[in-house]
Amino acid sequence: MPYPETATGFMIEDQKKWQDFKKQEFKLKTFEDRDVDVAIECCGVCASDLHTINGGWGDAPMPLCVGHEVIGKAIRVGKDVKTIKEGDRVGVGAQIQADLTCANCKADQENYCPNAIDTFGAQYSDGTLSQGGYSSHIRAHEYFTFKIPESIPSAVAAPMMCAGLTVYSPLVRLGAGPGKKVAVLGLGGLGHFAVMWAVALGAEVYVLSHSPSKKEDALKMGAKEFIVTGEENWHKPYAFTFDFILNTTDATHKFNLSHYFSTLKVMGRFHNVGFGDEPLPRMNAQDFAPNGCYIGASHIGNRPEMLAMLDLASKQKITSWIEEIPISEEGCAKAVTKVSDGDVRYRCVLTDYDKVFGERS
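Residues numbered from 1 in each chain as written. Predicted model: local features only at pLDDT ≥ 70, side-chain atom pairs only at ≥ 80, totals over all residues. Heavy atoms only, no water.

- Identification of the protein chain as alcohol dehydrogenase (NADP(+)) from Hortaea werneckii EXF-2000 is taken from an unreviewed UniProt entry.
- UniProt, in the comment section headed Sequence similarities (unreviewed entry), describes the protein chain in these words: "Belongs to the zinc-containing alcohol dehydrogenase family."
- For the protein chain, the Cofactor (unreviewed entry) comment in UniProt is given as "Zn(2+)". (UniProt positions renumbered as here; feature names shortened; annotations may be inferred.)

Written as C-alpha cells, this is what we have:
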C-alpha cells in the first residue's frame with residue numbers, strides 16, 4: 001500500500017547486522033489535523049542513528065528506519081496547521097511530537113516533555129512506530145516542523161536539525177556570549193557546530209581535542225586556540241579559565257575528568273551533549289570541590305531555540321561542514337560506517353532522494 005498510508009525507507013532488521021540496510025515499506029501514523037507530510041530531500045547522519053542500530057544504547061524495535069536530520073518539501077498539511085503551507089521547504093529534527101499541554105511544554109521545555117515522541121523508534125498513540133528520515137516521507141506534528149530560510153541550502157540545513165540544535169540550546173542557556181570563555185570538547189558533528197555557534201554568539205572559543213590534525217579546521221571555524229588533550233599536563237596552563245566546557249564527544253569514559261574540571265572557573269559547568277555507549281568514569285564528590293564546579297547534560301532544544309538558530313545561521317552565513325552521500329542500501333551503510341570509524345569531517349548527509357524514491361508531491 002503506497003503513500004499516504006505507507007512510506008518507503010532503508011531499514012535495519014537486526015542490531016547485529018547494523019550495516020545491512022534493506023529498502024522496504026513501513027506504516028505511517030494516522031494523519032491528524034496538525035500534521036505535516038514531508039517528501040524528504042536529504043537527511044543528516046547522526047551518531048544517535050549508529051548508537052541505536054548497533055545496540056550501543058540498548059535494544060531498539062526492529063525493523064527500524066533511523067535518521068532525524070530531515071529536510072524536504074511539505075506536500076500535505078492538516079486543516080489546523082498555521083505555520084507551514086504546502087510547497088514549503090521544511091526541516092524535522094530529533095523530536096516529532098509532545099503532549100503540548102504539560103507544564104514543561106507550556107514553559108517552552110517541550111524537549112523535556114514526559115510524553116515526548118522521538119522521530120524514530122517510539123510508539124504513537126495509534127500503535128504505529130515512528131520511523132526516521134532514511135525514507136521517502138515523514139509525517140510530523142506542525143510544532144516540530146520548521147520552515148528553512150531560503151539562504152540555507154538543504155544539505156547544509158539538515159545537520160542543523162539535530163547536531164546544530166543540540167549544541168545551540170545549551171550554549172544559549174549557559175550564557176555563551178561576549179566576555180565568556182567557552183571550551184568545546186571534541187571537534188566532530190556536534191563540536192564543529194558548537195564552535196561556530198559560540199563564535200557567532202560572541203564568545204571566546206577554545207577547542208579541546210585529542211586529534212592534532214583538526215587544529216587548522218578549528219581555527220578556520222573561529223576558535224581562538226586549539227588545545228591537544230593528549231599532551232601531558234595539558235590542563236595546567238588553563239586552571240580556572242573557562243566559564244563552561246561543552247562536551248560533544250561520546251568517549252567520556254576514557255577521560256580523566258578532574259583534569260577537565262580544573263580548567264573551569266569557580267562554579268563552572270562541564271556540560272555533556274555527546275552520549276556514548278559506556279558509563280561515565282567514576283567520580284568522587286571531592287573532584288568538584290576545588291572550584292565548586294558542576295556536571296550536567298541536556299536533550300536537543302526547544303522550538304524557539306531552533307528558530308533562533310536558523311535565523312543566526314541565515315544572517316551570519318554559517319555553513320555546516322558536510323560530506324554528501326547518495327542514499328541507497330550501500331550509501332546508508334557507508335555513512336554509518338564512517339560515523340563508527342570517526343571518519344567524517346564533520347557530518348554525512350544522505351542526498352539524491354528523487355533518484356531512489358522518485359519525485360513525490
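1. Focus on the side chain of His 141
And then number 1: Mapped onto the elements of the fold, His 141 is located in strand S8 (residues 137-141).
And then number 2: Here His 141 falls in the buried class, since its relative accessible area comes to 11%.
And then number 3: Within the structure, His 141 has its side chain in polar contact with the backbone nitrogen of Tyr 143 (distance 3.0 Å).
And then number 4: Aside from chain neighbours lying at most four places away, what touches His 141 is Arg 34, Asp 35, Ile 96 and Leu 100. (Helix = DSSP H or I, 4+ residues; strand = E, 2+ residues; numbered from the N terminus. Buried < 20%, exposed > 50% of the residue type's maximum accessible area, 1.4 Å probe, protein only. Polar contact = N/O pair within 3.5 Å; in protein donor to acceptor, adjacent residues only side chain to side chain. Contact = heavy atoms within 4.5 Å.)

2. A word on the UniProt feature "domain: Alcohol dehydrogenase-like N-terminal" (unreviewed entry) in the protein chain
And then number 1: When the UniProt feature table is mapped to this numbering, "domain: Alcohol dehydrogenase-like N-terminal" (unreviewed entry) covers residues 33-150.
And then number 2: Measuring from the first to the last C-alpha atom of residues 33-150 gives 27 Å, for a span that is 9% helix and 31% strand.

3. Brief notes about the pairing of strand S14 (residues 264-272)
And then number 1: Of the strand pairs in this sheet, strand S13 (residues 242-247) and S14 are connected by five bridges, and their pairing is parallel. Paired with Asn 247 across the two strands is Asn 272, which belongs to S14.
And then number 2: Of the pairings in the sheet, the one linking S14 to strand S15 (residues 294-297) comprises four bridges and is parallel in character. Within S15, the position partnered with Phe 270 by the bridge is Ile 295. (Pairing = 2+ DSSP bridges.)

4. Structural notes on the pattern of salt bridges
Proximity of charged atoms lets side chains of opposite charge pair with each other.
And then number 1: Counted under the stated rule, the structure contains 21 salt bridges.
And then number 2: With a closest N to O distance of 3.5 Å, Lys 338 and Glu 323 form a salt bridge. Taken as a pair, Lys 338 in helix H9 (residues 329-341) and Glu 323 in strand S16 (residues 322-326) lie far apart in primary sequence, 15 residues in all.
And then number 3: Counted as one network, the salt bridges with shared partners bring together Lys 29, Glu 32 and Asp 35. (Salt bridge = Lys/Arg side-chain N within 4 Å of Asp/Glu carboxyl O.)

5. Some details on the packing of aromatic side chains
And then number 1: Tallied over the entire structure, the rule returns 14 aromatic pairs.
And then number 2: On the numbers, 6.1 Å between centres and 15° between planes, the contact of Tyr 238 with Phe 242 is stacked. Assigned by exposure class, Tyr 238 and Phe 242 land together as buried.
And then number 3: Residue placement shows Arg 269 over the ring face of Tyr 294; its charged tip is 5.3 Å from the ring centre. (Phe/Tyr/Trp six-rings, centres within 6.5 Å; stacked < 30°, edge-to-face > 60°. Lys NZ or Arg CZ within 6 Å of the ring centre and 35° of its normal.)

6. Brief notes about the nonpolar core
And then number 1: Grouped together as the largest cluster of nonpolar side chains are 51 residues, with contacts concentrated most on Met 160, Trp 197 and Leu 310.
And then number 2: Counting residues per element, the ones that place at least two in this core are helix H3 (154-157), helix H4 (163-173), strand S10 (181-185), helix H5 (189-200), strand S11 (204-209), strand S12 (225-228), S13 and helix H8 (303-316).
And then number 3: Two domains each put at least three residues into this core: domain 1 (6-162 + 321-355) and domain 2 (164-297).
And then number 4: Not counting chain neighbours up to four residues away, the residues in contact with Leu 310 comprise Phe 146, Lys 147, Ile 148, Pro 149, Ile 152, Met 160 and Met 161.
And then number 5: If you look at the next biggest cluster of nonpolar residues, it comprises 44 residues, including Met 11, Trp 18, Ala 74 and Phe 120. (Core = buried A, V, L, I, M, F, W, Y, C linked by side-chain atoms within 4.5 Å. Domains from an automatic or database assignment.)

7. Focus: the pairing of S8
And then number 1: Of all five residues making up S8, five are buried, and the element is well covered by its neighbours.
And then number 2: By the alternation rule, side chains of S8 split into His 137, Arg 139 and His 141 and Ile 138 and Ala 140, which are all buried.
And then number 3: With five bridges joining them, strand S3 (residues 35-45) and S8 adopt antiparallel strand pairing. Bridge assignment links Asp 35 to a residue of S8, and that residue is His 141.

8. Quick word on a nonpolar patch on the surface
And then number 1: Together, Phe 240, Val 266, Met 267 and Tyr 294 make up an exposed nonpolar region whose accessible area comes to about 430 Å².
And then number 2: Checked against the element boundaries, Val 266 lands in strand S14. (Patch = residues over 30% accessible without salt bridge, like charges linked within 9 Å, V, L, I, M, F, W, Y side chains within 5 Å. Areas by Shrake-Rupley, 256 points an atom, 1.4 Å probe, with all protein chains shown as cover.)

9. Digging into the domain arrangement of the protein chain
And then number 1: In terms of domain boundaries, the protein chain breaks down into domain 1 (6-162 + 321-355) and domain 2 (164-297).
And then number 2: At the junction of the two partners, domain 1 supplies 15 residues and domain 2 supplies 20 residues.
And then number 3: Together, Trp 321, Arg 345 and Tyr 346 form the three largest contributors to the area buried by domain 1 at its contact with domain 2, with a combined 42%.
And then number 4: At the boundary of domain 1 and domain 2, one finds one salt bridge.
And then number 5: A salt bridge links Arg 345 to Asp 217; the shortest N-O distance between them is 3.4 Å.
And then number 6: For the interface between domain 1 and domain 2, the tally reads 15 residue pairs in polar contact (both at pLDDT 80 or more). (Buried area = accessible area lost by both parts, 1.4 Å probe.)

10. Description of the packing of H4 against H8
And then number 1: At a closest axis distance of 10 Å, the pairing of H4 and H8 adopts a crossing angle of 100°. Relative to H8, the element H4 is oriented roughly perpendicular. Residues Gly 164, Leu 165, Tyr 168, Ser 169 and Arg 173 of H4 touch H8, and the partners they reach there are Glu 305, Met 306, Ala 308, Met 309 and Leu 312.
And then number 2: Of the residues that constitute the contact of H4 with H8, the class distribution is six nonpolar, two polar and two charged. (Axes fitted to C-alpha atoms, helices over the stretch in contact; angles between N-to-C directions. Parallel < 35°, antiparallel > 145°, perpendicular 65-115°, else oblique. Nonpolar A, V, L, I, M, F, W, Y, C, P; charged D, E, K, R; others polar.)

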